[in-house]
Amino acid sequence: MPGVGLSAGLRALLASRVGLATTGHNITNANTPGYSRQAVDLSASRPVLSSGILVGNGVSATSVRRTVDALLQRRLLTQTSVQGRLESRFTTLSEIEALMQEPDGNSLGAQLDGFFTSVSSLSTNSSDSILRTGMINNAVQLTSQFNQLAGSLSSIRADTATEVAIRVDEVNDLAREISSLNSEIASARAAGLNPNDISDRRDVAINELANLVDIDTKEDQTGAVRVLVDGSTLVSATQYHNLTSRLDGNDEIELRISGAAITMNPNGGVLGGLVAVSRDTIPQLSSQLDLLAQNIIREVNRVHSEGIPASGPYTSLTGGSLFTDTDKDGSFRDELLSNAGLPTEVVSGELYVSITDKSTGELTKSKISISKTHTTVGDFLDSLSSIPNLSADIDGLGRIQIVADAGFGFDFGRRLDPNPDNIGSFGGGRASLGTAAAEPFALSNGDTLTLNSGATPISITFNSADFAQISEATAEEMAAVINADSDVIATGMKASAVNGQLVMQTLGSGSSESFDLTGGTSLAALGWSALSGSTISGHDTSVDVSITGSYTGKNNDVYTFRPVGDGTVGTTPGLSVDVFDSAGQRVATLDIGDTYVPGTDLQVAQGVSVSFGLGDLSGTNNDAMSLDVISDADTSDALLAVGVGSFFTGTGASDIAVLDGIEADPELIASSLSGFDGDNQILLELLDLENIQIAELGSASLSEFYGEIVGQTGFDTASTVDALDANDALIQSLEQRQEQVSGVNVDEELVNLLEFEQSFQAASRFINVLNDLNDELLSLL
Amino acid sequence: MPLRISTASNYQRVLSSIRLNLSQLVTSQQQVSTGRRILRPSDDPSGTARVLSFNRQIAGTERFIGAIGLGRSVVDTGAVALETGSGILAEVRQNLIQGMNGTLSSQDREAIANEVELLRAEMLGTANTQSGERSLFGGTKAGDSPWIEQVIGGVSRAIYTGNDEEQRIRIGNGVEIAITVSGQDAFAKNEGAGPIYSGLTGVGQGLTGDEGQGYEYLTVRHDGTSSATLASSGIALVSGGAGDTLLGDNTLTIDATAGTVQLGTGPVLTIPAVGSGDLADFTVANELGGELHLDFSAFGGADFTGTVSGAGSVSIDGSSFTAINFAEGDLELIHPESGNTLHFDMAGIKRAGVELVTFGGKVNIFDALQGIVDDLRNGDNLSQPELTDRLGIWLTEVDRGHNNLLVSLGSLGSRSERMTKTEDKLEGVQLQLESLRSEEQDVDISEAALDLARAQQSLELAQASGARLLQTNLLNFLR
């Protein structure tokens with residue numbers, strides 16, 4: 001009986017000591033991160049049978065356990081991953097945000113403003129060389145800002161990859177730690193022990209891992225935890241795998257478990273954030289900057305390529321784009337122009353080329369047709385080279401090179417030809433007879449045309465062989481047949497095709513020049529039946545035509561001028577000139593009869609004016625001249641694509657630059673539309689670019705689109721900050737709840753300490769009492 | 001059951017509330033010290049978008065204001081030049097009116113001619129005014145002097161090498177304003193009408209239209225006088241008619257009863273008395289002043305009516321002459337150097353002389369001044385009334401030129417005014433935009449200061465309450 005009591009007392013002492021030790025452990029670990037409060041489980045010891053009754057045998061400490069809420073821990077794990085992702089995203093985004101230097105700094109937007117402002121300044125005095133240099137400087141600043149932004153973005157992206165590699169190492173360290181803790185826990189458990197502190201350490205490691213990458217955890221019966229990342233096992237019950245990162249062919253970060261075939265796409269954690277930033281955020285921003293740069297390049301070049309430098313038309317130009325030998329047969333020439341690797345698209349359209357004779361100032365306009373599906377690079381070069389005094393070729397680097405003959409200059413402007421009557425078919429000095437109608441002419445095989453040039457009779461026969469389709473003969477084909485006739489050559493005559501009309505002329509000028517239209521079976525088809533037998537004479541005074549103004553119409557057109565009636569300008573009452581557009585609609589009737597003072601300007605239409613000098617016009621002989629009125633000298637966008645007459649070069653934000661030639665010589669800024677040094681029309685049109693809505697930018701203007709880029713970055717950053725704040729609050733509340741369960745309250749532990757101290761003292765007193773009882777008994781002996 | 005609060009979380013809570021309040025304090029302080037509410041786009045993305053849009057608009061407005069500033073100096077320089085020109089022309093007009101005074105001696109006129117010549121040079125300088133390196137009156141040909149002098153057919157003419165365009169600048173979205181007037185408009189506005197003849201010789205305008213600008217002198221020369229019937233009256237031509245200037249057919253009427261002689265419809269004169277000094281060389285003139293010298297020494301004293309004809313030739317360049325066919329109604333003469341083409345009706349020619357033909361409305365002011373100089377020097381030996389007539393023609397041209405110059409000056413003035421108004425308006429817009437941007441981007445200072453004070457106070461409270469909380473510990477009471 002006393003033995004029972006003593007052992008109960010002993011147990012009570014021991015249990016109190018366990019309690020005291022645990023409380024001490026709690027107090028000392030009150031500030032240890034990840035420490036879970038431990039509690040001692042006390043229970044009454046098995047009673048002993050004494051004298052036929054069960055007697056209580058005191059207390060025993062059955063276990064020391066952690067107080068944890070597993071569900072809460074799991075929630076925390078998830079939010080920790082979210083936190084990791086948001087934090088790494090925020091770091092990168094705020095770095096990008098700082099790059100933009102908005103809204104106050106030396107930003108791209110400010111540079112864009114600066115560029116347009118320098119254009120505006122130059123437009124107030126387009127021949128001022130200082131202002132010209134100013135525009136170049138501003139353009140260079142704009143391009144280098146683009147380059148710098150693009151460069152910084154790609155270096156941020158590279159830094160991201162480096163950081164991913166460092167984080168992957170951390171992941172691997174943690175995986176190893178978890179794995180080794182797993183084994184320790186399993187072996188402790190197998191020995192029936194409760195490895196509380198080791199479990200705490202593992203929880204801390206798992207939490208750290210969750211901050212790096214989003215994970216799934218599963219605890220098995222042995223107490224070991226399996227860790228899964230994106231469905232792949234990183235840590236199993238007994239071992240761990242290494243995570244590896246590398247850059248793939250597209251410079252994108254690729255994560256996989258070492259040796260595994262499939263790549264992983266973590267969504268959460270620092271890694272998830274870094275991968276997302278590197279894979280989506282930065283490339284998206286880069287491509288938007290590229291888009292902005294491309295549109296600036298394209299729109300500025302489109303306007304600039306139709307201008308003329310202050311120093312006059314170009315004598316030679318080299319394109320800014322490289323041709324690509326798409327089919328790799330060693331030659332560029334057989335590639336379609338639209339498929340020759342040029343940075344912008346070539347569509348079907350027309351290109352007007354103006355050649356200026358520098359000594360006389362005479363302007364000749366030529367038109368090249370370009371088909372998206374048929375025109376090859378070779379065709380394009382040949383068309384350019386077929387223009388008199390111009391030649392085009394490809395240089396060693398694969399760029400187009402256009403050169404004018406000495407004494408000539410070329411440009412792609414849309415200015416009006418001041419004197420479009422190049423062959424003198426409109427009141428010129430030559431004896432001239434044109435057809436009333438334009439091609440096609442319904443000839444039949446063997447049709448003839450007979451003339452008398454002086455005393456020489458000329459007979460021309462039109463044979464099917466000379467025509468693609470003789471019933472639809474073109475003026476060009478007919479002129480070729482006529483000009484091949486030896487009598488025509490011998491008597492100094494010539495046929496020409498003017499805007500689809502056939503014109504028969506003497507080569508000489510003056511009233512002594514004449515020829516007779518004597519007949520032939522082709523007259524009906526040519527509309528000359530009524531003129532059969534008439535004599536066509538030249539004039540001593542040719543009508544001087546002078547075109548002024550600039551065309552304001554929206555579409556390219558051809559104005560054809562035809563006199564109504566026969567007579568002398570400014571003399572014959574009722575004499576007038578009708579002007580038709582290419583659709584055959586009359587756009588103006590100009591009275592040049594007796595009330596007209598020769599040489600006075602008359603309005604035609606759409607900003608075009610004309611004056612006629614003294615001389616004779618003949619409606620009967622179908623005098624006519626045609627004037628190209630151009631609103632877009634390059635509807636094919638071929639110039640833009642080959643980079644001829646460019647201001648900017650490059651394909652995106654990283655390589656946008658001012659064309660070398662222009663940077664070196666600001667005089668080459670094609671500021672003028674008319675070719676006069678004080679004309680600033682091109683600059684004014686450049687200014688308009690600031691506000692035009694561009695379809696490629698989602699119908700935003702350049703600055704609006706830029707604003708969207710900045711706004712988007714700001715919004716991304718702000719929403720990350722907001723999410724971070726919200727998540728912080730959530731984590732805090734979860735942590736608080738966890739602290740409620742697992743945290744150590746020193747006051748509470750002090751109370752526990754007193755409690756265990758007192759129970760120890762009580763147990764000691766109990767033993768003392770038992771001892772006294774024993775002594776009492778022993779003294780009886 | 002009350003919440004369990006762990007000691008660590010107690011510390012944590014105090015720490016985080018201090019942190020939060022501190023960060024608020026720092027933010028407030030930053031806002032107050034920079035005056036900015038938005039320091040980076042993420043501070044307020046939609047606000048940033050608006051600020052950016054304001055930035056662009058403000059830059060655009062500044063750009064227009066800058067362009068107006070640069071442009072207006074050009075407009076004003078042009079206006080000053082035209083004002084100078086207007087003053088010159090007023091002076092020319094004064095001189096011209098003085099020169100038309102019949103009492104002037106040729107020396108006096110020469111002095112006036114010299115004065116006008118100087119004024120012309122001054123006018124040319126004005127028309128070639130440059131601002132910076134740019135000519136103000138050359139249209140869009142800005143590099144060279146637009147007006148150059150060339151001697152054409154012995155006459156110094158001013159040739160315009162500029163164009164009719166205007167230099168324009170942009171002073172608003174899609175709003176352009178011209179900052180120059182073309183030299184053509186200011187100094188040589190083309191208001192073409194038909195040519196004007198001074199009417200000296202009686203030559204008329206032909207049937208066909210004429211083409212050209214400036215003016216030409218048609219030299220009508222007297223080559224000889226003939227009269228088949230005159231001999232019967234005893235009157236003879238003096239020196240075979242060499243000194244005569246009459247041309248065409250003129251009726252000579254002698255009324256013996258009245259003792260008068262009349263040529264055509266010219267003045268009726270008294271036949272000189274025998275013994276008078278001019279008996280052997282008496283001059284009669286027709287209605288245009290074409291003179292016929294007659295020798296009355298052998299005059300028979302009978303009435304006489306007969307035709308006296310003057311043959312002549314004409315030239316537009318003063319060197320190549322064409323014999324006059326008085327039946328010609330449309331003689332074409334082209335000046336070989338200036339290219340001016342004129343058609344003349346010869347039927348009315350009655351005297352020799354130099355006919356001034358101006359292309360009305362197409363004479364530039366410099367050529368008009370040159371004409372004045374030449375005519376004041378009277379190289380054509382005109383009589384005073386003829387000279388006055390001619391100078392009258394020039395006066396009309398000078399007045400026309402002056403009017404056009406004033407119209408150009410007026411349009412420069414109104415442009416300058418419009419630019420000023422636009423600038424004022426833009427500056428107003430600018431202010432408004434800046435205040436809108438400031439509203440968006442800047443902190444309300446009073447509010448920010450209040451926020452700062454509040455943040456400071458809450459931080460202090462957090463610190464104080466934290467200190468109290470942390471001091472409370474059971475250990476303090478356990479002995």
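Source: prediction; values computed, not measured.

Topic: the overall build of chain B
For step 1, the next point in the chain: Looking only at helices and strands, one finds seven helices and 20 strands in chain B.
For step 2, the next point in the chain: Against the 2.2 N^0.38 benchmark of 23 Å for 479 residues, chain B shows a C-alpha radius of gyration of 45 Å, more extended than a compact globule.
For step 3, the next point in the chain: Overall size of chain B, expressed as C-alpha extent along the three principal axes, is 175 × 40 × 30 Å.
For step 4, the next point in the chain: Taking all 479 residues of chain B together, 48% fall into the buried category.
For step 5, the next point in the chain: In chain B, of all internal contacts separated by at least 6 residues, the share reaching a separation of at least 24 is 70%.

So, the pattern of salt bridges
For step 1, the next point in the chain: Counted by the stated rule, this structure contains 51 salt bridges over all chains.
For step 2, the next point in the chain: Here Lys189(B) ties to Asp185(B) by a salt bridge, and the two come within 4.0 Å at their closest N and O atoms.
For step 3, the next point in the chain: Given a relative accessible area of 30%, Lys189(B) falls into the partly exposed group.
For step 4, the next point in the chain: Salt bridges linked by common partners bring Asp688(A), Glu166(B), Arg168(B), Arg170(B), Glu176(B) and Arg415(B) together as one network.

A word on the interface of chain A and chain B
For step 1, the next point in the chain: Facing the 67 residues of chain A at the interface are 59 residues of chain B.
For step 2, the next point in the chain: Regarding the contact of chain A and chain B, the summed buried area is about 4,900 Å², with carbon and sulfur atoms giving 51% of it.
For step 3, the next point in the chain: Counting residues per element, the ones that place at least two in the side of chain A that touches chain B are helix 2 (70-100), helix 3 (108-124), helix 13 (681-688), helix 14 (702-742) and helix 15 (746-780) of chain A.
For step 4, the next point in the chain: With 15 residues, helix 14 of chain A is the largest single contributor of residues to the side of chain A that touches chain B.
For step 5, the next point in the chain: Here the residues of the side of chain A that touches chain B sort into 21 nonpolar, 32 polar and 14 charged.

What about the pairing of strand 28 (residues 602-605) of chain A?
Residues and elements named next belong to chain A.
For step 1, the next point in the chain: Here strand 28 runs beside strand 29 (residues 608-612); their pairing, made up of three bridges, is antiparallel. Opposite Gln 603, over in strand 29, you have Ser 609 as the bridge partner.
For step 2, the next point in the chain: Between strand 28 and strand 29, which pair antiparallel one after the other, the connecting turn spans two residues, and Gln 606 there sits at a positive phi close to 50°.

Some points on the sheet that holds strand 10 (residues 316-318) of chain A
Residue and element names in this part refer to chain A.
For step 1, the next point in the chain: Ordered in space as 10-14-13, the three strands form an open sheet in which the pairing is antiparallel. Taken across any chain shown, the strands that pair with only one partner, and hence form the sheet edges, are strand 10 and strand 13 (390-394). With strand direction ignored, the average angle separating the axes of adjacent strands in the sheet is 10°.
For step 2, the next point in the chain: Where strand 13 and strand 14 (residues 400-404) come together, five bridges link them in antiparallel fashion. Considered in strand 14, the bridge of Ile 394 is made with Ile 400.

Considering the domain arrangement of chain B
Residues and elements named next belong to chain B.
For step 1, the next point in the chain: Segmenting chain B into domains produces domain 1 (53-191 + 395-428) and domain 2 (195-360).
For step 2, the next point in the chain: In this structure, domain 1 and domain 2 have C-alpha centres spaced 45 Å apart.
For step 3, the next point in the chain: In this complex, domain 1 contributes seven residues to the contact, which on the side of domain 2 involves eight residues.
For step 4, the next point in the chain: Between domain 1 and domain 2, roughly 580 Å² of surface is buried when both sides are summed, and carbon and sulfur atoms account for 47% of that area.
For step 5, the next point in the chain: Area buried by domain 1 at its contact with domain 2 is led by Ile 152, Gly 153 and Arg 157, which between them contribute 60% of it.
For step 6, the next point in the chain: One can count one salt bridge joining domain 1 with domain 2.
For step 7, the next point in the chain: Among the ionic pairs, Arg 157 bridges to Glu 216, the shortest N-O distance being 3.3 Å.

Here's the deal with the domain arrangement of chain A
For step 1, the next point in the chain: Its domain assignment divides chain A into domain 1 (2-67 + 744-780), domain 2 (295-416 + 637-697) and domain 3 (430-629).
For step 2, the next point in the chain: Using only C-alpha atoms to locate each centre, domain 1 of chain A and domain 3 of chain A end up separated by 128 Å.

Concerning the side chain of Ser315(B)
All names here are of chain B.
For step 1, the next point in the chain: Within the secondary structure layout, Ser 315 lies in strand 16 (residues 304-315).
For step 2, the next point in the chain: A polar contact is formed between the side chain of Ser 315 and the backbone nitrogen of Ser 319, at a distance of 3.3 Å.
For step 3, the next point in the chain: Reaching out from Ser 315, the side chain makes a polar contact with the backbone oxygen of Ser 320 at a distance of 2.9 Å.
For step 4, the next point in the chain: Beyond its immediate chain neighbours, meaning those up to four positions away, Ser 315 contacts Tyr 217, Leu 218, Thr 219, Ser 320 and Phe 321.

Considerations on the sheet that holds strand 7 (residues 232-235) of chain A
Residues and elements named next belong to chain A.
For step 1, the next point in the chain: If you walk across this open sheet you meet the three strands as 5-6-7, and the pairing is antiparallel. Of all strands in the sheet, those with a lone pairing partner are strand 5 (215-219) and strand 7, marking the two edges. Pairs of neighbouring strands in the sheet enclose a mean axial angle of 35°, with direction left out of account.
For step 2, the next point in the chain: Here three bridges tie strand 6 (residues 225-229) to strand 7, and the two strands are oriented antiparallel to one another. Note that in strand 7 the partner of Val 227 across the bridge is Val 235.
For step 3, the next point in the chain: Its contacts with the sheet place helix 5 (residues 196-212) against strand 5, strand 6 and strand 7, and it is angled at close to 155° to strand 5.

Overview of the packing of helix 2 of chain A against helix 6 (residues 269-304) of chain A
Residues and elements named next belong to chain A.
For step 1, the next point in the chain: Packing of helix 2 against helix 6 brings their axes to within 7 Å, and their N-to-C directions diverge by 35°. Pair helix 2 / helix 6 crosses with right-handed handedness. Contacts between helix 2 and helix 6 involve Ser 81, Gly 84, Arg 85, Ser 88, Arg 89, Thr 92, Leu 93, Ile 96 and Met 100 from the former and Gly 269, Val 270, Gly 272, Gly 273, Leu 274, Val 277, Thr 281, Ile 282 and Leu 285 from the latter.
For step 2, the next point in the chain: When the residues that make up the contact of helix 2 with helix 6 are grouped by side-chain class, the tally is eight nonpolar, eight polar and two charged.

Describing empty space enclosed by the protein
Residues and elements named next belong to chain A.
For step 1, the next point in the chain: Within this structure, the stated rule accounts for three cavities of 30 Å³ or more.
For step 2, the next point in the chain: Put simply, the largest cavity is a space of about 80 Å³.
For step 3, the next point in the chain: Along the walls of the largest cavity sit Ser 425, Ser 432, Leu 433, Gly 434, Thr 435, Val 498, Gln 501, Val 503, Asn 621, Asn 622, Asp 623 and Ala 624, which together make up its complete lining.
For step 4, the next point in the chain: At the level of secondary structure, the elements contributing two or more residues to the lining of the largest cavity comprise strand 16 (430-434) and strand 20 (501-509).

Conventions and cut-offs
- Residues numbered from 1 in each chain as written.
- Chains lettered and ligands numbered in written order.
- Predicted model: local features only at pLDDT ≥ 70, side-chain atom pairs only at ≥ 80, totals over all residues.
- Heavy atoms only, no water.
- Helix = DSSP H or I, 4+ residues; strand = E, 2+ residues; numbered from the N terminus.
- Rg over C-alpha atoms; globule rule 2.2 N^0.38 Å.
- Buried < 20%, exposed > 50% of the residue type's maximum accessible area, 1.4 Å probe, protein only.
- Contact = heavy atoms within 4.5 Å.
- Salt bridge = Lys/Arg side-chain N within 4 Å of Asp/Glu carboxyl O.
- Buried area = accessible area lost by both parts, 1.4 Å probe.
- Nonpolar A, V, L, I, M, F, W, Y, C, P; charged D, E, K, R; others polar.
- Pairing = 2+ DSSP bridges.
- Axes fitted to C-alpha atoms, helices over the stretch in contact; angles between N-to-C directions.
- Domains from an automatic or database assignment.
- Polar contact = N/O pair within 3.5 Å; in protein donor to acceptor, adjacent residues only side chain to side chain.
- Left-handed = near helix turned anticlockwise from the far one by under 90°.
- 1 Å grid on protein atoms, 1.4 Å probe; cavity = no way out; pocket = protein on both sides within 12 Å on 5 of 7 lines; lining within 4 Å.
- Points joined across faces, edges and corners; volume = space filled by probe spheres on them.

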